[in-house]
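Take a look at the letters that make up each chain.
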Amino acid sequence: MAGAPGDRRPASSTAAAVGAQIRRRREQRGMSGSELARRAGLSKATLSQLEAGKGNPTIETLDALAVALRIPLTDLLTRDTGPGPVLVPGTTAVEGEVGRELLRRISSGNSLEIWRLRMPPNTELNGVPHATGTVEHLLVASGHVTAGPADTPRNLSAGDLLAFAGDAPHIYRTGTDPADIAVVIASPIIN
């Protein structure tokens, strides 16, 4: 019977990855399991189960752990990446469609996400404001784009870099040419 006491089902890969992140972040901070459980308002047994990858935590539980560890919630949901070279093979753009690809997420001081944004000609995309303190960096690989804060966008060409506050409304707009843009979003670590 599933869920019965003593059930020894294997942990899912997601639960194992989340558990490994909790344990790793706790150890990086020199915090005991008892201390983290106390700060997050959890029992030691619950924390032990989560770190072992055998739990099914709610978002509220993960949020409490992230606050206690002083990291963004997303850091607990990110799978570890090794220190070795990481190759993300290029993909082909679909003509006439906006394409957005998360290329990599890096946590260290700030939470960093690297995206590829491909826009067809004559397209406008409204950027949703991110968390307070977020900075977007755009590097235009090809084409032309008008981008940045909605009230003061800049005209950019291939090779141009623009950094701006991403916590306010912003836009991306192409003219008669398509554009291929690398976007790095740096969000502050939540304290």
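This one's a predicted model, so the numbers in the text were calculated from it and none came from an experiment.

Peer 1: Account for the overall build of the protein, naming residues and giving values.
Peer 2: Helix and strand content of the protein: five helices and nine strands. The N-to-C order of helical and strand elements in the protein reads α-α-α-α-α-β-β-β-β-β-β-β-β-β. Among the 191 residues that make up the protein, the fraction classed as buried is 32%. Sequence-distant contacts, at least 24 apart, represent 65% of the contacts inside the protein between residues at least 6 apart. Surface exposure of the protein reaches about 11,200 Å², of which carbon and sulfur atoms provide 54%.

Peer 1: Give me the lowdown on the nonpolar core, citing residues and values where you can.
Peer 2: Within the largest apolar cluster, 16 residues are counted, with the highest numbers of intra-cluster contacts made by Ile22, Leu36, Leu47, Leu65 and Leu76. Ranked by residue count, the leading element in this core is helix α4 (residues 59-69), at five residues. The contact partners of isoleucine 22, leaving out residues within four places of it in the chain, are Leu36, Leu47, Leu50, Glu51, Leu62, Leu65, Leu69 and Leu76. Counting 15 residues, the second largest nonpolar core, distinct from the first, contains Leu117, Val145, Ala147 and Tyr172.

Peer 1: Explain the sheet that holds strand β3 (residues 124-127) to me, using residue names and the numbers behind them.
Peer 2: Ordered in space as β3-β8-β5-β6, the four strands form an open sheet in which the pairing is antiparallel. Two strands in the sheet have a free side with no partner beyond their single neighbour: β3 and β6 (154-157). Each adjacent strand pair in this sheet contributes to an overall mean axis angle of 20°, direction not counted. Sheet topology places strand β5 (residues 144-149) next to β6; four bridges connect them, and they run antiparallel.

Peer 1: Before we move on, could you go through the pairing of strand β8 (residues 170-173) and cite the residues and values that matter?
Peer 2: Sheet topology note: the β3/β8 ladder contains four bridges and is antiparallel. Following the sheet pairing, glycine 127 is matched in β8 by histidine 170. Both β5 and β8 contribute to a ladder of four bridges, which runs antiparallel. Bridging across to β8, threonine 146 finds its partner in arginine 173.

Peer 1: So, the side chain of glutamate 136: which residues are in play, and what are the values?
Peer 2: Its location among the elements puts glutamate 136 in strand β4 (residues 135-142). For glutamate 136, a relative accessible area of 1% translates into the label buried. Among the polar contacts listed, one links the side chain of glutamate 136 to the side chain of histidine 130, at a separation of 2.8 Å. Apart from residues lying up to four places away in sequence, glutamate 136 is in contact with His130, Leu162, Ala163, Phe164, Gly166, His170, Tyr172, Val183, Val184 and Ile185.

Peer 1: Got a sec to walk through unusual backbone geometry? Specific residues and values, please.
Peer 2: A positive phi angle, near 55°, is found at asparagine 122, a position not held by glycine. Note on placement: asparagine 122 falls in the loop between β2 (110-119) and β3.

Peer 1: Give a detailed account of the pattern of salt bridges, specifying residues and quantitative values.
Peer 2: In total, this model carries six salt bridges according to the counting rule given. Between aspartate 180 and arginine 118 there is a salt bridge; the shortest N-O distance is 3.8 Å. Note that aspartate 180 is positioned in strand β9 (residues 179-188) and arginine 118 in strand β2, a separation of 62 residues in sequence. Of the two residues, aspartate 180 and arginine 118, both sit in the buried class. One salt-bridge network, in which partners are shared between bridges, spans Glu35, Arg38 and Arg39.

Peer 1: Break down the environment of alanine 186 for me, citing the residues and quoting the values.
Peer 2: Within the fold, alanine 186 resides in strand β9. Here alanine 186 is in contact with Asn110, Ser111, Leu112, Gly133, Thr134, Val135 and His137, once residues within four sequence places are set aside.

Peer 1: Give me helix α2 (residues 33-40): which residues, what numbers.
Peer 2: One turn of an α-helix holds 3.6 residues; hence residues three or four places apart share an orientation. Within the sequence span of α2, burial applies to Leu36, Ala37 and Ala40. End-on, the buried residues of α2 take up no more than an arc of 100°, which puts them together on one face. Structurally, α2 contributes buried residues whose contacts are with α1 (13-28), α3 (44-51) and α4. Within two residues after α2, glycine 41 carries a phi angle of roughly 75°, on the positive side.

Thresholds applied
Residues numbered from 1 in each chain as written. Predicted model: local features only at pLDDT ≥ 70, side-chain atom pairs only at ≥ 80, totals over all residues. Heavy atoms only, no water. Helix = DSSP H or I, 4+ residues; strand = E, 2+ residues; numbered from the N terminus. Buried < 20%, exposed > 50% of the residue type's maximum accessible area, 1.4 Å probe, protein only. Contact = heavy atoms within 4.5 Å. Areas by Shrake-Rupley, 256 points an atom, 1.4 Å probe, with all protein chains shown as cover. Core = buried A, V, L, I, M, F, W, Y, C linked by side-chain atoms within 4.5 Å. Pairing = 2+ DSSP bridges. Axes fitted to C-alpha atoms, helices over the stretch in contact; angles between N-to-C directions. Polar contact = N/O pair within 3.5 Å; in protein donor to acceptor, adjacent residues only side chain to side chain. Salt bridge = Lys/Arg side-chain N within 4 Å of Asp/Glu carboxyl O. Arc of directions from axis to C-beta.

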